[in-house]
Amino acid sequence: MEKIYTDKAPAAVGPYSQAVVVNGMVYTSGQIALNPATGELVGETIEEQTEQVMQNLMAILEAAGTKPENVVKTLCFLTDINDFTAFNEVYAKYFTEKPARSCVGIQSLPKGAICEVEVIATI
């Protein structure tokens, strides 16, 4: 198992890796809208936070030697499921190949984030 780390994405806020590679597959940890340089939450709207989440994920995928076209599954968490449509507008810019996905409404996320996304990709 190879652990992935890049300073272009936020450092883990707990005892986990940004991503791991196992048997040619990349498994990212969930990303929230943290600025990689400051570790602070970015944005107040679902669009702003989703944009930062996607930028964080793209940096991790790049560090792992893959790209968004190789994502096979995403798991998305929203603290307000009414943000689903606005979330999708930003998400669709990054995942044009339309990987399999789960998207659920949840009560809360770390640091007051309103969305979190994790991905599974091939290399």
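Right above here is the structure, for reference.
Residues numbered from 1 in each chain as written. Predicted model: local features only at pLDDT ≥ 70, side-chain atom pairs only at ≥ 80, totals over all residues. Heavy atoms only, no water.

### Here's the deal with the overall build of the protein chain
Stage number 1. A count of helices and strands for the protein chain gives two helices and six strands.
Stage number 2. When the helices and strands of the protein chain are placed in sequence order, the string is β-β-β-α-β-α-β-β.
Stage number 3. The globule rule puts the C-alpha radius of gyration for 123 residues at 14 Å, and the 13 Å found for the protein chain is close to it.
Stage number 4. Reported as C-alpha extents along the three principal axes, the dimensions of the protein chain are approximately 35 × 30 × 20 Å.
Stage number 5. Within the protein chain, the proportion of its 123 residues that are buried is 42%.
Stage number 6. In the protein chain, the proportion of contacts linking residues at least 24 apart, taken out of those at least 6 apart, comes to 70%.
Stage number 7. For the protein chain, the accessible area works out to roughly 6400 Å², and carbon and sulfur atoms hold 50% of it. (Helix = DSSP H or I, 4+ residues; strand = E, 2+ residues; numbered from the N terminus. Rg over C-alpha atoms; globule rule 2.2 N^0.38 Å. Buried < 20%, exposed > 50% of the residue type's maximum accessible area, 1.4 Å probe, protein only. Contact = heavy atoms within 4.5 Å. Areas by Shrake-Rupley, 256 points an atom, 1.4 Å probe, with all protein chains shown as cover.)

### Focus: the environment of Gly43
Stage number 1. Checked against the element boundaries, Gly43 lands in the loop between β3 (25-28) and α1 (46-63).
Stage number 2. As a C-alpha pair, Gly43 and Ala113 span 70 residues in sequence and 9.1 Å in three-dimensional space.
Stage number 3. Excluding its chain neighbours within four sequence positions, the residues that come into contact with Gly43 are Glu48 and Gln49.

### Here's the deal with helix α2 (residues 84-94)
Stage number 1. Buried within α2 we find Ala86, Phe87, Val90, Tyr91 and Tyr94. Buried residues of α2, viewed axially, fall in a sector of 130 degrees; they line one side. For α2, the exposed residues lying more than 90 degrees away from the buried face are Thr85, Glu89 and Lys93.
Stage number 2. Here the buried face of α2 lies against α1, β4 (71-78), β5 (100-105) and β6 (115-122). (Arc of directions from axis to C-beta.)

### Some remarks on the pattern of salt bridges
Stage number 1. Applying the stated criterion across every chain yields a total of one salt bridge.
Stage number 2. The salt bridge involving Lys93 is made with Glu51; its shortest N-O contact spans 3.2 Å. Here Lys93 is found in helix α2, whereas its partner Glu51 is found in helix α1, with 42 residues between them in sequence.
Stage number 3. Classification of Lys93 by relative accessible area gives exposed; the value is 55%. (Salt bridge = Lys/Arg side-chain N within 4 Å of Asp/Glu carboxyl O.)

### A look at the state of the cysteines
Stage number 1. Taken as a whole and assessed by the stated rule, the structure comprises zero disulfides.
Stage number 2. Cys76 forms no disulfide, and the closest cysteine sulfur to it belongs to Cys103, at a distance of 4.9 Å. (Disulfide = S-S within 2.5 Å.)

### Thoughts on the side chain of Glu116
Stage number 1. Following the sequence through the fold, Glu116 ends up in strand β6.
Stage number 2. Lys111 provides the closest opposite charge to the buried, unpaired Glu116, separated from it by 12 Å.
Stage number 3. Every residue in contact with Glu116, bar those within four places of it in the chain, is listed here: Gly30, Gln31, Ile32, Leu75, Cys76, Phe77, Leu109 and Pro110. (Lys, Arg positive; Asp, Glu negative; His and termini not counted.)

### A look at a negative patch on the surface
Stage number 1. Together, Glu44, Glu47, Glu48 and Glu89 line one region of the surface with negative charge.
Stage number 2. Within the secondary structure, Glu47 is located in helix α1. (Patch = residues over 30% accessible without salt bridge, like charges linked within 9 Å, V, L, I, M, F, W, Y side chains within 5 Å. Charge placed at Lys NZ, Arg CZ, Asp CG, Glu CD.)

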